[in-house]
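# Coordinate analysis (summary)
For reference, the chains in residue letters:
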Amino acid sequence: MNIKTVRLLLIVLTFINFTVFANPSNSTPAELNIELNLKQQLGEYHPPYVASWIENSQGKPVRTLLLWREKAKWLKDIRRWWRKVGKKDAEFVDGITSATRAAGKYPLNFLAQDDRNTTLKKGQYTLFIEVVRENGGRSIIRQPFTLNGEKETFTLAATHETDEMSFSVSPR
């Protein structure tokens, strides 16, 4: 190897080291576990539309975790999520949508990453779960949490549309 090759190699290795250690997105994201529990309703039943997302401490959405829906024209009924995320990017909405679900328990696992798959920085966040049902009610659940390398576990109170649920943040 000549001196120019060695210098170039050292520059590349220095850059790789700097990128790995200075970029917080390379850290291992925490795991978010939600046990979503949709309540069985009496009478005419339509599976609810459900959106769940995370906002940072400034109230800016950083990650949509899930969107269960049937017809796009009713998305605006998931009011908070729609105003903050949905109406801004139709392609994004189509990319994360899946079908509605019947009443029941749904264990869900996500990594604490933003919509671009970058690890969320340490700090304060809020989990939102919004549930809307045709000929039914509307519920919005808010649970503040902290990403700080510590495990947190929460019990989310039952609402008109949900039974009691659990949410946990676990470092990996």
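Use the structure listed above.
Small disclaimer: the values here were computed from a predicted structure and weren't measured. (Residues numbered from 1 in each chain as written. Predicted model: local features only at pLDDT ≥ 70, side-chain atom pairs only at ≥ 80, totals over all residues. Heavy atoms only, no water.)

## Focus on the packing of aromatic side chains
Inspection of every chain in the model, using the stated rule, returns 6 aromatic pairs. The interplanar angle of 25° and the centroid separation of 5.9 Å between the aromatic rings of Y125 and F145 together place this pair among those described as stacked. Separated by 20 residues along the polypeptide, Y125 in strand β6 (residues 123–132) and F145 in strand β7 (residues 138–147) bring together distant segments of the chain. As far as burial versus exposure is concerned, Y125 and F145 are alike and both buried. On the numbers, 5.7 Å between centres and 15° between planes, the contact of F154 with F167 is stacked. With F154 in strand β8 (residues 152–156) and F167 in strand β9 (residues 165–170), this residue pair connects regions lying 13 residues apart in the sequence. By relative accessible area, which is 16% here, F154 ends up buried. Under the relative-accessibility criterion, F167 is labelled buried at 1%. The structure contains a cluster of three or more aromatic residues connected by ring pairs, namely Y125, F145, F154 and F167. If you follow R101 out to its NZ or CZ, it ends over the ring of W68, 4.3 Å from the centre. (Phe/Tyr/Trp six-rings, centres within 6.5 Å; stacked < 30°, edge-to-face > 60°. Helix = DSSP H or I, 4+ residues; strand = E, 2+ residues; numbered from the N terminus. Buried < 20%, exposed > 50% of the residue type's maximum accessible area, 1.4 Å probe, protein only. Lys NZ or Arg CZ within 6 Å of the ring centre and 35° of its normal.)

## Digging into the layout of surface pockets
If a probe the size of a water molecule is rolled over the atoms, the empty space left behind becomes visible. Put simply, the largest pocket is a space of about 520 Å³. Along the wall of the largest pocket there are 24 residues; nearest its centre are K60, P61, V62, D114 and R116. Contributing elements (two or more residues each) for the lining of the largest pocket: β3 (61–68) and β6. Considering each element in turn, the lining of the largest pocket owes the most residues, 3 residues, to β6. In the lining of the largest pocket, the residues fall into 7 nonpolar, 8 polar and 9 charged. (1 Å grid on protein atoms, 1.4 Å probe; cavity = no way out; pocket = protein on both sides within 12 Å on 5 of 7 lines; lining within 4 Å. Points joined across faces, edges and corners; volume = space filled by probe spheres on them. Nonpolar A, V, L, I, M, F, W, Y, C, P; charged D, E, K, R; others polar.)

## Details of the pattern of salt bridges
Under the criterion given, the structure shown has 5 salt bridges. Each of the salt bridges in this network shares a partner with another, and the network as a whole consists of E55, R80 and K84. (Salt bridge = Lys/Arg side-chain N within 4 Å of Asp/Glu carboxyl O.)

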